[in-house]
Amino acid sequence: MADAPRPSFNRHTDPFVELISAEAVAHRIAELGAQITADYERLGPDAGAEVVVVGVLKGSVIFMADLVRHIALPVTLDFIGAASYGDATKSSGVVQITQDLTRPIEGKHLLLVEDIVDTGHTVHYLLENLATRRPASIKLAALLHKPERQEREVTIDYLGFTIPNKFVVGYGLDVAQQWRNLPFIGHVADS
Ligand code: IMP
């Protein structure tokens with residue numbers, strides 16, 4: 001079958017510059033999925049049925065959709081919505097759950113999937129909140145980490161890429177809610 005035509009992003013008028021290619025993202029996600037599969041397989045033959053993969057809306061949806069297709073276990077999926085007050089450059093550290101899980105997670109192995117750990121406030125808050133619901137274990141997968149901006153200590157169990165302190169867009173991440181649909185990760189041209 002002939003390759004379908006690719007959409008033409010990255011035109012000279014587009015407000016971003018490619019930072020991580022779609023191919024590099026796909027390759028890294030396949031590695032993470034294999035690692036996650038191997039780790040959870042160690043829990044025993046029925047482990048997959050007890051694993052809940054929870055995506056943080058909306059930024060994680062594209063990463064999560066690709067990641068779970070590399071986890072060769074019968075996991076279940078759920079989503080949580082979080083908003084953190086502040087603007088793009090300054091987070092207040094106040095996080096609010098805007099949409100909750102649809103099912104309890106008590107006794108389940110929880111894998112939280114986030115697009116980026118920037119200041120770390122969002123995942124720190126979510127991990128603390130989710131821990132009170134008594135899951136059997138909690139792990140964190142994040143596609144991107146900006147260590148220069150981090151204010152909260154967070155352990156990322158499965159990390160895609162460490163990036164410099166630039167505002168990034170694409171592959172789920174937005175600038176003013178746009179460009180989540182870019183197939184690669186770009187940085188905003190003047191950031
Ligand atoms: P936090 O600062 O780690 O709490 O990150 C909060 C949220 O801000 C992340 O989940 C992203 O949705 C968003 N965010 C942080 N850095 C960027 C970026 O460079 N581009 C797009 N969104 C970002």
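Residues numbered from 1 in each chain as written. Predicted model: local features only at pLDDT ≥ 70, side-chain atom pairs only at ≥ 80, totals over all residues. Heavy atoms only, no water.

Regarding the packing of aromatic side chains
Remark: the centre distance and the inter-plane angle together describe each pair of aromatic rings, the angle taken between the planes. Put simply, the rule reads: Aromatic rings from Phe, Tyr and Trp, with only the six-membered ring used for Trp, were paired whenever their centres fell within 6.5 Å, and each pair was classed as stacked if the ring planes differed by under 30 degrees, edge-to-face if by over 60, and tilted otherwise. A run of DSSP states H or I qualifies as a helix once it reaches four residues; a run of E qualifies as a strand once it reaches two. Both are numbered from the N-terminal end. Only when the NZ of Lys or the CZ of Arg is both within 6 Å of the ring centre and within 35 degrees of the ring normal is a charge said to sit over the ring.
Applying the stated rule across the entire model yields 3 aromatic pairs. Here the aromatic rings of Phe9 and Trp179 are separated by 6.3 Å at their centres, their planes lie at 75 degrees, and the arrangement is edge-to-face. Of this pair, Phe9 sits in the segment before β1 (16-20) while Trp179 sits in the loop between β8 (168-169) and β9 (185-188), placing them 170 residues apart in sequence. For the ring pair Phe16 and Trp179, a centre distance of 4.9 Å and an interplane angle of 75 degrees mean the geometry is edge-to-face. Placement of the pair is Phe16 in strand β1 and Trp179 in the loop between β8 and β9, with a sequence separation of 163 residues. Taken together through their ring pairs, the aromatic side chains of Phe9, Phe16, Trp179 and Phe184 make up a single cluster. Across the ring face of Tyr40, the terminal group of Lys139 is positioned such that the distance to the ring centre comes to 5.8 Å.

Overview of the environment of Val113
Just so we agree on the cut-off: Between buried and exposed lies partly exposed: a residue is buried under 20% and exposed over 50% of the maximum accessible area for its type, with that area taken using a 1.4 Å probe on protein chains only. Any two residues having at least one pair of non-hydrogen atoms within 4.5 Å are treated as being in contact.
Among the structural elements, Val113 can be located in strand β5 (residues 109-117). With relative accessibility at 0%, the residue Val113 sits in the buried group. In this structure, the C-alpha to C-alpha distance between Val113 and Pro147, residues 34 residues apart in sequence, is 18 Å. In this view, Val113 contacts Val53, Val54, Gly55, Val56, Ser60, Phe63, Met64, Leu67 and Ala141; residues no more than four positions away in its chain are not counted.

Details of the site of the ligand
Stated formally: Being near a molecule or strand, for a residue, means having at least one of its heavy atoms within 4 Å of it. Throughout this description, a polar contact denotes any pair of N or O atoms lying within 3.5 Å of each other; where both atoms belong to protein, one of them has to be capable of donating a hydrogen while the other can accept it, and for residues adjacent in sequence the pair is counted only when both atoms sit in side chains. With residues, only the protein chains shown are counted as cover, and all accessible areas are computed by Shrake-Rupley using a 1.4 Å probe. Under the convention adopted here, Pro, Cys and the residues Ala, Val, Leu, Ile, Met, Phe, Trp and Tyr are nonpolar, Asp, Glu, Lys and Arg are charged, and Gly plus all remaining residues are polar.
In the region of the ligand, 15 residues are neighbours, and Thr119, Gly120, Thr122, Lys146 and Val168 sit closest. At 3.0 Å from an oxygen atom of the ligand is found a side-chain nitrogen or oxygen belonging to Glu114. Within the backbone of Gly120, a nitrogen or oxygen atom sits 2.8 Å from an oxygen atom of the ligand. In the complex, the protein chains occlude 85% of the 490 Å² of accessible area that the ligand would expose alone. Only β5 and α3 (121-131) provide two or more residues apiece to the shell around the ligand. Considered class by class, the residues forming the shell around the ligand number 5 nonpolar, 4 polar and 6 charged.

Considerations on unusual backbone geometry
That bond from Leu57 to Lys58 is cis: its omega, -5 degrees, falls within 30 degrees of zero. Inspection of the secondary structure assignment puts Lys58 in the loop between β2 (51-57) and α2 (61-68). A positive phi angle, near 55 degrees, is found at Arg134, a position not held by glycine. The residue Arg134 is located in the loop between α3 and β6 (137-145) in this model.

Considerations on the sheet that holds β8
Stated precisely, the cut-off is as follows: Pairs of strands are assigned from DSSP output, requiring at least two bridges between the strands.
Spatially, 3 strands are ordered β1-β9-β8 in an open sheet, and the strand pairing comes out antiparallel. Sheet topology places β1 and β8 at the edges, where each strand pairs with a single neighbour.

Concerning the layout of surface pockets
To find leftover empty space, one rolls a probe the size of a water molecule over the atoms. The criterion, for reference: Within this scheme a cavity is a closed region of a 1 Å grid, computed over the protein atoms alone, that accommodates a 1.4 Å probe without allowing it to escape, whereas a pocket is open but has protein on both sides within 12 Å along at least five of seven lines; lining residues each have an atom within 4 Å of a point. Grid points are joined across faces, edges and corners, and a volume is the space filled by probe spheres set on the points.
Counted as a void, the second largest pocket has a volume near 170 Å³. Taken together, Arg6, Pro7, Phe9, Glu18, Ser21, Ala22, Glu23, Pro183 and Phe184 make up the lining of the second largest pocket. In terms of residue class, the lining of the second largest pocket is made up of 5 nonpolar, 1 polar and 3 charged.

Notes on the environment of Thr132
Mapped onto the elements, Thr132 comes out in the loop between α3 and β6. Note on Thr132: relative accessible area 63%, which makes it exposed. Separated by 63 residues in sequence, Thr132 and Arg69 have C-alpha atoms that sit 29 Å apart.

Things to note about the nonpolar core
So the rule is basically this: Residues belong to one nonpolar core when they are buried, are Ala, Val, Leu, Ile, Met, Phe, Trp, Tyr or Cys, and are joined through side-chain atoms within 4.5 Å.
Ranked by size, the top nonpolar core spans 28 residues in total, and within it Leu67, Leu111 and Leu144 carry the most contacts. Mapped by element, the contributors of at least two residues to this core are α1 (22-41), β2, α2, β5, β6 and β7 (158-162). Ranked by the residues each element gives to this core, the list is headed by α1, at 5 residues. Dropping the residues within four chain positions of it, Leu111 is found in contact with Ile36, Tyr40, Val52, Val53, Val54, Ile71, Lys139, Leu140, Ala141 and Tyr158.

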